[in-house]
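Fold and geometry: a report
The lines below spell out each chain.
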Amino acid sequence: MNAALILVAGIGVCLLIYFVSSRVLQYFHSQNELGVILSLKIFQMAWIMIFTMLIFSSMISAVTTFYLAEDNEILLSSPVQPSEMYLMRYLTTAMNTSWMILVFSLPVFGAYGKIFHAGPLFWPLLVIAVPSVTLIATGIATILTVLVVYYFPARRTKDIVFYLSLCFGIFLYLVFRMIRPEELVNPDNYGQFIDYFSAVSAPAGPWLPAGWAANMISSYLLDGQVDLLLTGLLVTTPFVLFFLGQWLMDHLFVVGYSKSQESFGGHREFRPVRHFHSIRAWIWRKELKYFLRDSSEWSQFFMIAALIVVYLYNFKVLPLDRSPVSVFFVSNVISFANIGLSGFLAASLATRFVYPSISAEQGAYYLLAVSPLSWKQYLWYKYQFYFFPFTLLALVLIVISNYLLQISGPMGWVSVFTGMLLTWTSLGLALGFGMYFADFKSGSKVSTLEPGAILYLFCAIFYQVVLLLSGMPFVSRLVRRTLTEKGAAVSDYLSVCAWGSVVTMVSILLVFWLCNKAVNRRQWG
Amino acid sequence: MSQSLLTTRNLSKSFADFTAVNELDLDINQGEIFGFLGPNGAGKTTTIKMLVGLLKPTSGNIAIGGMDMALDPVGCKQRTGYIPDRPFLYEKLTGDEYLHFISSLYPEAAGGKALENAVGYLDLFDLAKWRHHLIEGYSHGMRQKLIMSSVLMLNQELIIVDEPMVGLDPKSARVVKELFRQKAREGTAIFLSTHSMEIAEELCDRIGIIVEGQIRAMGTMDELRAEAGSGNEHLEDIFLQLTGAFELLDVIRALRGSSLSDKKV
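Residues numbered from 1 in each chain as written. Chains lettered and ligands numbered in written order. Predicted model: local features only at pLDDT ≥ 70, side-chain atom pairs only at ≥ 80, totals over all residues. Heavy atoms only, no water.

**Notes on the overall build of chain B**
Using the following cut-off: Helix numbering and strand numbering both begin at the N terminus, where a helix is a DSSP run of H or I of at least 4 residues and a strand a DSSP run of E of at least 2. For every residue, the accessible area obtained with a 1.4 Å probe (protein chains only) is divided by the maximum for its type, and the residue is called buried under 20%, exposed over 50%, and partly exposed between those limits. The accessible surface values rely on the Shrake-Rupley method and a 1.4 Å probe; as for residues, cover is taken only from the protein chains in view. Think of it this way: Lys and Arg go in the positive column, Asp and Glu in the negative one, and His and the chain ends go nowhere. Here the site of a charge means atom NZ of a Lys, CZ of an Arg, CG of an Asp or CD of a Glu.
Within chain B, the secondary structure is distributed over 10 helices and 10 strands. For chain B, the C-alpha atoms occupy an extent of roughly 60 × 45 × 40 Å along the three principal directions. Split into buried and exposed, the 265 residues of chain B put 55% on the buried side. Per element, the accessible surface of chain B, about 11,300 Å² overall, is 49% carbon and sulfur. With 27 positive and 36 negative side-chain charges, chain B shows a spacing of 3 Å between the two charge centroids.

Written as structure tokens, this is what we have:
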């Protein structure tokens, strides 16, 4: 059932990507010729960006698949040459890092093919280009990894590459948003983009394999011509890189692997701890220490910070002055929609941080299970731990957005109240789902793509949509009447308050019911 | 006569059609070290998981210090310490932080002096100098010793131990044996599950042998010898005889070139 659910959700996401991509491309094409060129430039930039990200993520994955794999001890103690292992590790790395890009790029390619009325060779060319680019990225990444681990310990290499890729991702994200792509087709701005277009009129990245693929597909989309030189380069380069990697593997791998066995961080001495008796304080401390001592956890703060900056920047650059209706009304509508957006963000972050926090106890869960601490207390303390940062996040998103939208009147407190309710309920649901689907036997951290996590996200979003739709008539009437000369009546305020009371009660009951169900399932194994 | 601290009556656990533990009756007294032996898959781990509250029995009762596990699990857990065979710990905490965490889980244990007790155990196990290092850097044996320290510091009335010596060096194994004896003299009941016949024979006051979910034999070494109908045999021989491992005799004969043909295993 879980597999079917994921399949349906995956197809749904693909269809959504296809329709959104088609609409965006259609919009570009409807503008003028500049729109057509621009859509192809974005296509080429996307190829190069994905290629760069693939190299980073393949390097991180390669450190694990090549140097930290559990079966290395068995394989390397047997009479197997490292080069014989190379093909298996190379393909595993390629699959691990690129399957999602392969799946979710298909609808985008489909949209380009449809809008550009691509010829019959479009899909065969993609069959060459996409696997070739992913294999080239993996080839470059594995060669770099084997070389870097030869000089540095494997675990440190993994951390360094992870930080670099994170910074690169944040940089791209911020730059892409700050150039305000929605303004590129605004005729008022054409003058300042002329220089830009003349600069980018040359083929994108002629020395990069992603540029070869992008230029090959672009030229076919525009003129129906197949560039045989680029096709040849794409077909042969993966083989060249593979054999080079295999050669390096034979010569450098064993030294690097030996280094990766060295203990990492085990000799650092920490300060003595302050004395706390309360279990609540210790559960909080444990959560915090786990977060701060795991570089893959705390470093995501940077990504969240970038997310918040771009989120708020979107409100700052909203062209409200171009709106045909009252600015006050539009900003109030956006403020109401913003509640849903901030709720979605809270649910997404809860999927990443809160949902897996129960399974993160892993084998040590027995310490809690055999202790006098009940699972209900445990969940409650966890809830309290996450309560403050999530509340702060939701408040920052809603209050600053309202300030940027210059919201005054009832929408201000309605949005704060509803936003808090969505955030707190999403948090409770994340813990409930996390407890219900907890997998303490899993050797690694629970993924956000795990069926329980996806189900949680769907349920949280469904709850948020239902809650907002149920409140829309009352809030809308209150806001509209506030605009009139008479102003809103007491009954308008009362109806919003009554709605608020009902949804608060429903939310509390929902969280209690789910957590209770999860605890009963967990109790006694 | 010492009082029974841990009692089970008709304790059973089934998984679908398979009965892992069947009508188990146990009485473990204060100050007693009870050895729980059995071949692989006999139901030892399932029994232990029920005793520590990790698994719900299909039927039957568990009472610890007169408190029913089903009615007052928290009360029972307040009195029990559990040392598992595999040392799962919080990898990102230091040894010291881990001990603080455990002491906060059992606020009433050892009259609030658990952490003071821990200092002595860390010294005994040569862990003191590593106490401020992350557990992820500990060896298997160090982890096992840290778990032992964290349970012993609580001065619980009942300690349930699953394979206590796995991963321990000879010195630490000796220390553990002495500590168990000392704890028993102080009145602690120790329920010890092990595959090591030497340890069981050396340490336990009474031994229970479980086969296919049922107690096959239970008593002191002399009582077990009598039940097996043997003389001054070691526990290993008695165990093999009582668990019906007769086929092993043929294997040993084959391995030793039939030189054991007239000898008992």
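**A short note on the sheet that holds strand S2 (residues 18-29) of chain B**
Residue and element names in this part refer to chain B. Note the cut-off: The pairing criterion is simple: DSSP has to find at least two bridges between the two strands. Working rule for contacts: check all heavy atoms of both residues, and any pair within 4.5 Å makes them a contact. Angles here are taken between N-to-C directions and fall from 0 to 180 degrees, while the axes themselves are lines fitted to C-alpha atoms, restricted in helices to the stretch in contact.
What the four strands build is an open sheet, ordered S2-S1-S4-S5; its pairing is antiparallel. Strands at the two margins of the open sheet, each flanked by one partner only, are S2 and strand S5 (67-68). The sheet contact formed by strand S1 (residues 4-15) and S2 spans eight bridges and is antiparallel. Each bridged residue has a counterpart across the sheet, and for Phe15 the counterpart in S2 is Phe18. Lying on the sheet, helix H1 (residues 44-51) is in contact with S1, S2 and strand S4 (59-64); it crosses S1 at an angle near 120°.

**With respect to the packing of aromatic side chains**
We apply this condition: Any two rings among Phe, Tyr and Trp, with Trp reduced to its six-membered ring, count as a pair given centres within 6.5 Å; such a pair is stacked if its planes are under 30 degrees apart, edge-to-face if over 60, and tilted if neither.
Scanning all chains against the criterion turns up 33 aromatic pairs over all chains. For the pair Tyr90 of chain B and Phe101 of chain B, a centre-to-centre distance of 5.2 Å together with 80° between the ring planes defines the contact as edge-to-face. In this pair, Tyr90 of chain B is assigned in the loop between strand S6 (80-83) and helix H3 (95-105) and Phe101 of chain B in helix H3, connecting sequence segments 11 residues apart. Exposure class is identical for Tyr90 of chain B and Phe101 of chain B. Each is buried. Of the aromatic side chains, those joined through ring pairs into one cluster are Phe43, Trp47, Phe109, Tyr112 and Phe116 of chain A.

**Digging into the sheet that holds strand S3 (residues 33-37) of chain B**
Residue and element names in this part refer to chain B. Overall, mixed pairing links the six strands, which are arranged S6-S7-S8-S3-S9-S10 in an open sheet. Here the strands that pair on one side only, and so sit at the sheet edges, are S6 and strand S10 (214-219). Recorded for the sheet is a direction-independent mean angle of 15° between the axes of neighbouring strands. Contacting strand S9 (206-211) and S10, helix H8 (residues 221-228) runs over the sheet at an angle of about 120° to S10. Of the strands in this sheet, S3, S9 and S10 touch helix H9 (residues 235-242), which is tilted by about 30° from S9.

**Focus: the interface of chain B and chain A**
The condition is simple: Summed over both partners, the accessible surface that disappears when two parts come together, traced with a 1.4 Å probe, is what is meant by buried area. Counted as salt bridges are all cases of a side-chain nitrogen of Lys or Arg within 4 Å of a carboxyl oxygen of Asp or Glu. Any N or O atom pair separated by 3.5 Å or less is treated as a polar contact, with the protein-specific requirement of one donor-capable and one acceptor-capable atom, and with residues adjacent in sequence counted only for side-chain atom pairs. Residue polarity follows a fixed list, in which Ala, Val, Leu, Ile, Met, Phe, Trp, Tyr, Cys and Pro are nonpolar, Asp, Glu, Lys and Arg are charged, and the others, Gly among them, are polar.
Taken together, the contacts link 36 residues of chain B with 34 residues of chain A. In total, about 3,400 Å² of surface goes out of reach between chain B and chain A, with carbon and sulfur atoms giving 68% of it. Of all residues in chain B, Leu54, Tyr90 and Lys92 of chain B bury the most surface against chain A, accounting for 20% of the area lost on that side. Across the chain B-chain A interface, the total number found is two salt bridges. Taking the shortest distance from any N to any O, the salt bridge between Lys289 of chain A and Glu97 of chain B comes out at 3.3 Å. Summed over the shared surface of chain B and chain A, the number is eight residue pairs in polar contact (both at pLDDT 80 or more). Breaking the side of chain B that touches chain A down by element, the ones donating at least two residues are helix H2 (73-78) and H3 of chain B. Of the residues forming the side of chain B that touches chain A, the biggest block, eight residues, is contributed by H3 of chain B. Grouping the constituent residues of the side of chain B that touches chain A by class yields 22 nonpolar, eight polar and six charged.

**Description of helix H9 (residues 228-260) of chain A**
Applied cut-off: Note that the bend at a residue is defined as the angle between axes fitted to the seven residues ending at it and the seven residues starting at it.
Along its length, H9 of chain A reaches its greatest deviation from straightness, about 55°, at Leu252 of chain A. For H9 of chain A, the side-chain oxygen to backbone nitrogen distance between the N-cap and Leu229 of chain A is 3.1 Å, and the N-cap itself is Asp227 of chain A.

**A closer look at the nonpolar core**
The line we're drawing: Only buried residues count toward a nonpolar core, which is a set of Ala, Val, Leu, Ile, Met, Phe, Trp, Tyr and Cys residues joined through side-chain atoms within 4.5 Å.
Residues Tyr98, Phe180 and Phe191 of chain B are the most contacted members of the largest nonpolar core, which totals 156 residues. Beyond its immediate chain neighbours, meaning those up to four positions away, Phe191 of chain B contacts Leu6, Leu26, Ile28, Phe34, Phe36, Ile48, Leu51, Ile159, Ile160 and Val161 of chain B. Residues Leu125, Ala129, Trp212 and Met249 of chain A belong to the second largest nonpolar core, which totals 49 residues.

**Quick notes on the environment of Ala360 of chain A**
By the element assignment, Ala360 of chain A lies in the loop between helix H14 (356-359) and helix H15 (365-369). The sequence separation of Ala360 of chain A and Leu404 of chain A amounts to 44 residues, and the corresponding C-alpha distance is 39 Å.

**Some words on the pairing of S1 of chain B**
Residues and elements named next belong to chain B. In textbook terms, the turn of a hairpin is the stretch between consecutive antiparallel strands, and for S1 and S2 this stretch comprises two residues, one of which, Ala16, has a positive phi near 55°. Here S1 pairs with S4 via five bridges, running antiparallel. Across the sheet, Leu6 pairs through a bridge with Ile64, a residue of S4.

**Topic: the environment of Ile42 of chain A**
Residues and elements named next belong to chain A. Locating Ile42 in the fold gives a position in helix H2 (residues 33-67). Of the residues examined, Ile42 reaches a relative accessible area of 28% and is grouped as partly exposed. Separated by 265 residues in sequence, Ile42 and Leu307 place their C-alpha atoms 22 Å apart.

**Digging into the side chain of Ser426 of chain A**
All names here are of chain A. The topology assignment puts Ser426 in helix H17 (residues 410-436). According to the relative accessible area criterion, Ser426 is buried, its value standing at 0%. Reaching out from Ser426, the side chain makes a polar contact with the side chain of Gln464 at a distance of 2.9 Å. Those residues in contact with Ser426, other than ones at most four positions away along the chain, are Gly343, Ala347, Ala350, Tyr456 and Gln464.

**Side note on unusual backbone geometry**
One non-glycine residue, Gln406 of chain A, lies in the positive phi region at around 55°. Residue placement: Gln406 of chain A occurs in the loop between helix H16 (375-404) and H17. The exposed category is assigned to Gln406 of chain A, whose relative accessible area is 67%. Residues other than glycine seldom take positive phi values, yet Glu163 of chain B does so here, at roughly 50°. Secondary-structure assignment places Glu163 of chain B in the loop between strand S7 (158-162) and helix H6 (170-185).

Note that every value here comes from positions in space, so none of it alone points to a role or purpose.
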